[in-house]
Protein chains: 2
Amino acid sequence: MNRTSLTGLQMIGNNFSGEGDHTFRAFAPLQQQWLPQEFREATTGEIDSALNLAAQAFTVYKKTTPQQRAAFLQAIAEEIISLGDELINVASAESGLPLPRLQGERDRTTGQLRLFAATITEGSWVNARITTPTPDLRQMQIPIGVTGIFGASNFPLAFSVAGGDTTAALAAGCTVVFKAHPAHPHTSHLTATAIRKAVLRTNMPDGVFSLVHGTSHETGQYLAAHPLVSAIAFTGSFKGGKALYDTATRRAVPIPVFAEMGSVNPVFFLPGILREKGTALATQFLQSVTLGTGQFCTNPGLFITAAGNDTDAFINALRQGVGTLPNGYMLTPGILAAYNNGIATLREQGVEVLGEAPPADQQATPSLLQVTAAQVLENPALCHEVFGPSSLHIHAGSIEEIYTVARRLEGQLTATIHGTEEELQQHAALIDILREKAGRIIINGFPTGVAVSHAMVHGGPWPATTPAAGTSVGTAAIYRFCRPVCYQDFPAYLLPPELQDENPMKIWRQVNGDISKNSL
Amino acid sequence: MNRTSLTGLQMIGNNFSGEGDHTFRAFAPLQQQWLPQEFREATTGEIDSALNLAAQAFTVYKKTTPQQRAAFLQAIAEEIISLGDELINVASAESGLPLPRLQGERDRTTGQLRLFAATITEGSWVNARITTPTPDLRQMQIPIGVTGIFGASNFPLAFSVAGGDTTAALAAGCTVVFKAHPAHPHTSHLTATAIRKAVLRTNMPDGVFSLVHGTSHETGQYLAAHPLVSAIAFTGSFKGGKALYDTATRRAVPIPVFAEMGSVNPVFFLPGILREKGTALATQFLQSVTLGTGQFCTNPGLFITAAGNDTDAFINALRQGVGTLPNGYMLTPGILAAYNNGIATLREQGVEVLGEAPPADQQATPSLLQVTAAQVLENPALCHEVFGPSSLHIHAGSIEEIYTVARRLEGQLTATIHGTEEELQQHAALIDILREKAGRIIINGFPTGVAVSHAMVHGGPWPATTPAAGTSVGTAAIYRFCRPVCYQDFPAYLLPPELQDENPMKIWRQVNGDISKNSL
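Given the structure is predicted, the values throughout are model-derived calculations rather than measurements.

## Side note on the packing of aromatic side chains
Then step 1. This model, assessed by the stated rule, comprises 35 aromatic pairs over all chains.
Then step 2. Plain terms: the ring middles of Tyr61 of chain B and Phe72 of chain B are 6.1 Å apart, the flat faces sit at 80° to each other, and that makes the pair edge-to-face. Here Tyr61 of chain B is found in helix α1 (residues 44-61), whereas its partner Phe72 of chain B is found in helix α2 (residues 66-82), with 11 residues between them in sequence.
Then step 3. For Phe72 of chain B, a relative accessible area of 0% translates into the label buried.
Then step 4. Members of the aromatic cluster, connected to one another through ring pairs, are Phe269, Phe285, Phe303, Phe314 and Phe446 of chain A.
Then step 5. Residue placement shows Arg101 of chain A over the ring face of Phe155 of chain A; its charged tip is 4.8 Å from the ring centre.

The structure is reproduced here in structure tokens:
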């Protein structure tokens, strides 16, 4: 290992550390080879150091003004852009994702940093609530402390080091110890150096952000069990999220885990819409299934139709279309193996292959599978997520059976319905069932593509996420890292600006039940 | 048992049921005798019936308009008042609480029903967030389903059958299966009949509310483990709340538990304020400690001072004052026994008795105890809650030691500081430490008295409540029973009124980042 390089080390606050002896390397999917750079796994001592520094930094960082934190977030965005092509090239090498996709993902990353900066600068997000005069009660959201955040494999930029969770936590006023995903350690390192430059440029406290590397579950578990951590954010597999949840809820002092654990994102196609434009929908659906080689949390892994001639034509179009789709490299050999195992397991359980692309070595083959509604109702495990470019068709005998399937679904990030206006009006009850199952309901669209906006919900009932009341995309994500506090009978000189009579920040507040920007 | 009486039975939706053979009776603290009325414990079959009915009712109830739900809540308030003196007399017999206190508690109960009715009628609470045009995303809060709610021993009206948790859940659109506290089953029955009349009067679905009785932990555990339950709300002991939390987080599908598990509500007295008005503060503090025989979640069970002459005078005033305080009957023999054991255990651990009232048979004796800061730092368990009219004085050697004690405190519902203006400005850092520990910070007041308002926070970091982000008092309590859902690209005719372009409900909404009541 090159001892003179900082790449490969932990970043503990603004300093680099390489105490451990265990090293690992990232795999380049397109080249099918291990990359040369070695990364050291963090020792528990290094994680302790990062957390201690984060706890110290929190005492300073929580008192920064929204403007200061916004400048910090803006600076992170600028420093990410300053990394230039190197970041994109390294991310592409480590993930196998194409350059244009990663350029777009970088835009998404800097865009969400700027959106959160604007949100906290505007300031109304703190949900100030004031009731007077006796007692004088003034409530607002405050940050909860040190957060432990995990990078996702499938978004090396937007759900990784400077991604949505980090941005929301920093915007709220929390400090962050970030566990890099071992599939893209170099990308993570580069992004962390951008954050480091932003910390130094904007005079943020040393320790507001740290990066640790690790390949073992123990590293993550150590973080989730640590007394200095106040919340965990995670995007990944159900198994990984559940393990963190179990640890965090069994601590002496339990902490929340905001785990986005994936979903099969069912898409319901009603017969009338298939009659109108089944062929076009087949093409669009296959694009959604195979976008990014199917490596999205919102990949439509399940679609449901009712028997009929128009459905048969749609299915035939899908069958023909899937055979012409390109194979794709997946993020890691482990993810490819899990995909192939997932498909094989379904086939062993009697699931029919509706169609698949011609296989290619070391690549994921787009596949459409098919079961009857009866099969799924008997064995709900058939609907579990197979992460990758496949989708399982549930062939219902009737519209009534579609309802039965819908009622039996597990919690989902999204649920989608395609129907004509007449069908949608007729099947409002189906939409109503799906609303109980998912965080986002889509009409005549596709679940892939998760806009970062004030109104997005990227979350949903278990096992999609925990807890269902959170979102990991959009500005409402900030509330995961906050709690309300009430100041009773505080003299003016002790109140935070958000709660002062004069409303110096000019934010929207609820004062004795009325919403306004008025002073008291 | 009188088979012709409905009192003593479960109320499963609008019908009464007495399948079980196990019966119990309530204890009358003032008379020190068991009351004659027998109550049947619910069978698991009865709980199943209540939950199945609640799940069916939810499919209807969640679609009621806010106006319909508000009318229901108003009707409950009216029917509670229609119960007249009988409710107050029965509650007093079962709890030993005086009539004026219970009349006030009834006002609080009907007041919070009306406050929630007004809140949902106004409608902005749903936090509508809209971003357009592509994609068209519209987010709002929706109810989470069937809730299991537990009555508290110490508020037979305001934190019981039609109390804050039930009101918040019903306001949100959730249905309720309520587990009555066995200390006041008759009060619970009467209140349930008031809700039943309101259900019938306002045409709410049968099963929107059910009442079950039980004395065993198994009844509560059965509810928390039941697949039809989406959330639990509880007010009571740490042990009880923790047991429900453990069950709920270890289910196949975990659910949130909103447990308010009590607190010692530390009160810090700085030297300057004691110099100015130590004697008056001593009187007020003793009133707060012994209010309701100390049976409040916000009872100040801990107070902290720094050594000095003014502190000595304050302590002497307390010592003299406590000797003149009246004894009081506690809610149940079990609670009295726990109080006496708690005091005895502290004394065995070397805690000094600062002063106590003369004892009286079967009553709780107001007691002030004292330890040094060093003792508490060595043995933090000394600070655990002893529910009743006692408070533990932590005698710190210096202001610095006060800070050390503050930093080591567990999570609390409240924390209070008494100080002169000069002291408060000088010790902003102490307030800052306490803000991390509690949901409500009080300046120059006392924690007892929890106003039901839009701005109240009755919650705080573990072990005060779980999760810290909730409140069980005030209108923000409604958010515990909701989650956000996002409607993407919905045609106008499928959108709920809150999210329609025209804003027919005239609620405050966030549209593309701007807050207004405008239509799109």
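Resuming the write-up.
## Quick word on the relation of the copies chain A and chain B
Then step 1. When chain A is fitted onto chain B, the two copies agree to an RMSD of 0.0 Å after a turn of 180° and an axial shift of 0.0 Å. On this basis, the relationship between the two copies can be described by a two-fold rotation axis. Distance from the rotation axis, computed per C-alpha, reaches its smallest value in chain A at Thr249 of chain A: 3.5 Å.
Then step 2. When the interface residues of chain A are mapped onto chain B, 100% of them again lie at the interface, so the same face is used by both copies.

## Considering the UniProt feature "domain: Aldehyde dehydrogenase" (unreviewed entry) in chain A
Then step 1. As annotated in UniProt, the feature "domain: Aldehyde dehydrogenase" (unreviewed entry) corresponds to residues 22-460 of chain A in the numbering used here.
Then step 2. Annotated as 45% helix and 18% strand, the span residues 22-460 of chain A places its first and last C-alpha atoms 37 Å apart.

## Quick look at unusual backbone geometry
Then step 1. Cis geometry marks the peptide bond from Thr132 of chain A to Pro133 of chain A, where omega comes out at 0°.
Then step 2. Mapped onto the elements of the fold, Pro133 of chain A is located in the loop between β7 (129-131) and β8 (137-143).
Then step 3. Put simply, Trp462 of chain B and Pro463 of chain B share a cis peptide bond, and its omega is 10°.
Then step 4. A positive phi is found at Asn203 of chain A, a non-glycine position, where the angle reads about 55°.
Then step 5. Mapped onto the elements, Asn203 of chain A comes out in the loop between α6 (185-201) and β11 (209-212).
Then step 6. Its identity is not glycine, yet Asn444 of chain B carries a phi of approximately 50°, on the positive side.
Then step 7. Structurally, Asn444 of chain B can be placed in the loop between β20 (438-443) and β21 (465-466).

## Details of the nonpolar core
Soluble globular proteins tend to pack their nonpolar side chains together in the buried interior.
Then step 1. Formed by 216 residues in total, the largest nonpolar core has its most connected members in Phe72, Ile76 and Phe209 of chain A together with Phe72, Ile76 and Phe209 of chain B.
Then step 2. Residues in contact with Phe72 of chain B, not counting those within four places in the same chain, are Tyr61, Leu170, Ile195, Ala198, Val199, Thr202, Met204 and Val208 of chain B.

## Remarks on empty space enclosed by the protein
Rolled over the atoms, a probe as big as a water molecule pinpoints where empty space is left.
Residue and element names in this part refer to chain A.
Then step 1. Enumeration according to the criterion identifies 7 cavities of 30 Å³ or more in this entry.
Then step 2. Empty space within the largest cavity amounts to approximately 110 Å³.
Then step 3. Taken together, 19 residues form the lining of the largest cavity, with Gly301, His384, Glu385, Val386 and Ser390 sitting closest to its centre.
Then step 4. A per-element tally of the lining of the largest cavity places strand β18 (residues 390-396) first, with 3 residues.
Then step 5. Class assignment of the residues belonging to the lining of the largest cavity gives a composition of 10 nonpolar, 8 polar and 1 charged.

## So, the sheet that holds strand β8 (residues 137-143) of chain B
Then step 1. Across the sheet, 12 strands lie side by side as β16(A)-β17(A)-β18(A)-β15(A)-β14(A)-β19(A)-β20(A)-β22(B)-β8(B)-β7(B)-β23(B)-β24(B); this open sheet has mixed pairing. Two strands lie at the open edges of the sheet, namely β16 (352-356) of chain A together with β24 (514-516) of chain B, each paired on one side alone. Taking the axes of each pair of neighbouring strands and ignoring which way they run, one obtains an average angle of 25° across the sheet.
Then step 2. Pairing geometry for strand β19 (residues 412-418) of chain A and strand β20 (residues 438-443) of chain A, over 5 bridges, is parallel. Residue pairing for β20 of chain A: Ala415 of chain A is matched across the bridge by Ile441 of chain A.
Then step 3. Running at roughly 145° to strand β15 (residues 302-306) of chain A, helix α10 (residues 309-323) of chain A makes contact with β14 (267-269), β15, β16, β17 (367-372) and β18 of chain A of the sheet.
Then step 4. Of the strands in this sheet, β14, β19 and β20 of chain A together with β8 and β22 (482-488) of chain B touch helix α15 (residues 428-435) of chain A, which is tilted by about 150° from β20 of chain A.

## Some thoughts on the pattern of salt bridges
A pair can form between side chains of opposite charge whenever their charged atoms are brought close.
Then step 1. Applying the stated rule across the entire model yields 26 salt bridges over all chains.
Then step 2. Lys63 of chain A is paired through a salt bridge with Asp432 of chain B; the nearest N and O atoms lie 3.5 Å apart. Here Lys63 of chain A, found in the loop between α1 (44-61) and α2 (66-82), pairs with Asp432 of chain B, found in helix α15 (residues 428-435), and the two come from separate chains.
Then step 3. Residue Lys63 of chain A is classed as exposed on the basis of its relative accessible area, which comes to 52%.
Then step 4. The closest approach of N and O atoms between Asp310 of chain B and Arg275 of chain B, which form a salt bridge, is 2.8 Å. Of this pair, Asp310 of chain B sits in helix α10 (residues 309-322) while Arg275 of chain B sits in helix α9 (residues 271-290), and the two are 35 residues apart along the sequence.
Then step 5. By sharing partners, the salt bridges in this structure join Lys62 and Lys63 of chain A together with Asp432, Arg435 and Glu436 of chain B into a single network.

## So, the interface of chain A and chain B
Then step 1. Residue-level contacts link 63 residues of chain A with 63 residues of chain B.
Then step 2. At the boundary of chain A with chain B, total buried surface from both sides reaches about 5600 Å², with 59% on carbon and sulfur atoms.
Then step 3. When the buried surface of chain A facing chain B is broken down by residue, Arg435, Arg483 and Tyr493 of chain A rank first, second and third, together holding 12% of it.
Then step 4. Seen at the junction of chain A and chain B, the total is 36 residue pairs in polar contact (both at pLDDT 80 or more).
Then step 5. Those elements giving two or more residues to the side of chain A that touches chain B turn out to be β7, β8, α8 (238-249), α14 (421-426), α15, β20 and β22 (482-488) of chain A.

## A word on the domain arrangement of chain A
All names here are of chain A.
Then step 1. For chain A, the domain assignment lists domain 1 (47-261 + 472-478) and domain 2 (267-451).
Then step 2. Computed over C-alpha atoms, the centres of domain 1 and domain 2 are 32 Å apart.
Then step 3. Listed by partner, the interface residues are 13 residues for domain 1 and 12 residues for domain 2.
Then step 4. Roughly 930 Å² of surface becomes buried between domain 1 and domain 2 when both sides are summed, with 60% attributable to carbon and sulfur atoms.

Reading the values: the criteria
Per-chain numbering applies: the sequence of each chain, read as written, is numbered from 1 onward. Note on labels: chains are lettered from A, ligands numbered from 1, in written order. Reporting of local features is limited, given that this is a predicted model, to residues whose pLDDT is at least 70; pairs of side-chain atoms are given and counted only at 80 or more, and all residues count toward the totals for whole chains, interfaces and linings. Note that the side-chain values use all heavy atoms of the structure and ignore hydrogens as well as water. To pair, rings of Phe, Tyr and Trp, with the six-membered ring standing in for Trp, must have centres within 6.5 Å; the planes then decide the type, stacked if under 30 degrees apart, edge-to-face if over 60, and tilted in the middle. The helix count covers DSSP runs of H or I at least four residues long, the strand count covers runs of E at least two residues long, and both are numbered beginning at the N terminus. Accessible area is worked out with a 1.4 Å probe on protein chains only. A residue is then buried under 20% of its type maximum, exposed over 50%, and partly exposed in between. Counting as a charge over the ring demands two things of the Lys NZ or Arg CZ atom: a distance within 6 Å of the ring centre and an angle within 35 degrees of the ring normal. Superposition of the copies was done by least squares, using only C-alpha atoms of residues whose pLDDT is at least 70 in both. For this analysis, residues touch if any pair of their heavy atoms sits within 4.5 Å. UniProt positions are given in the numbering used here, feature names are shortened, and annotations may be inferred rather than shown by experiment. Think of a nonpolar core as a cluster: buried Ala, Val, Leu, Ile, Met, Phe, Trp, Tyr and Cys residues, connected wherever their side-chain atoms sit within 4.5 Å. Both site types are read off a 1 Å grid over the protein atoms alone. A 1.4 Å probe that fits but cannot get out defines a cavity, while an open set with protein on both sides within 12 Å along at least five of seven lines defines a pocket; lining residues have an atom within 4 Å of a point. Grid points are joined across faces, edges and corners, and a volume is the space filled by probe spheres set on the points. For this classification, Asp, Glu, Lys and Arg are treated as charged, while Ala, Val, Leu, Ile, Met, Phe, Trp, Tyr, Cys and Pro are nonpolar and the rest, including Gly, are polar. At least two bridges found by DSSP between two strands is the condition for calling them paired. Think of each axis as a best-fit line through the C-alpha atoms, taken over the contacting stretch in the case of a helix, with angles from 0 to 180 degrees between the N-to-C directions. Put simply, a salt bridge is a Lys or Arg side-chain nitrogen that is within 4 Å of an Asp or Glu carboxyl oxygen. What counts as buried area is the accessible surface, traced by a 1.4 Å probe, that two parts surrender upon association, with contributions from both included. Whenever two N or O atoms come within 3.5 Å, that pair is a polar contact, provided that in protein one can donate a hydrogen and the other can accept it, and provided that, for residues adjacent in sequence, both atoms are side-chain atoms. Start and end positions for the domains come from either an automated domain assignment or a database one.

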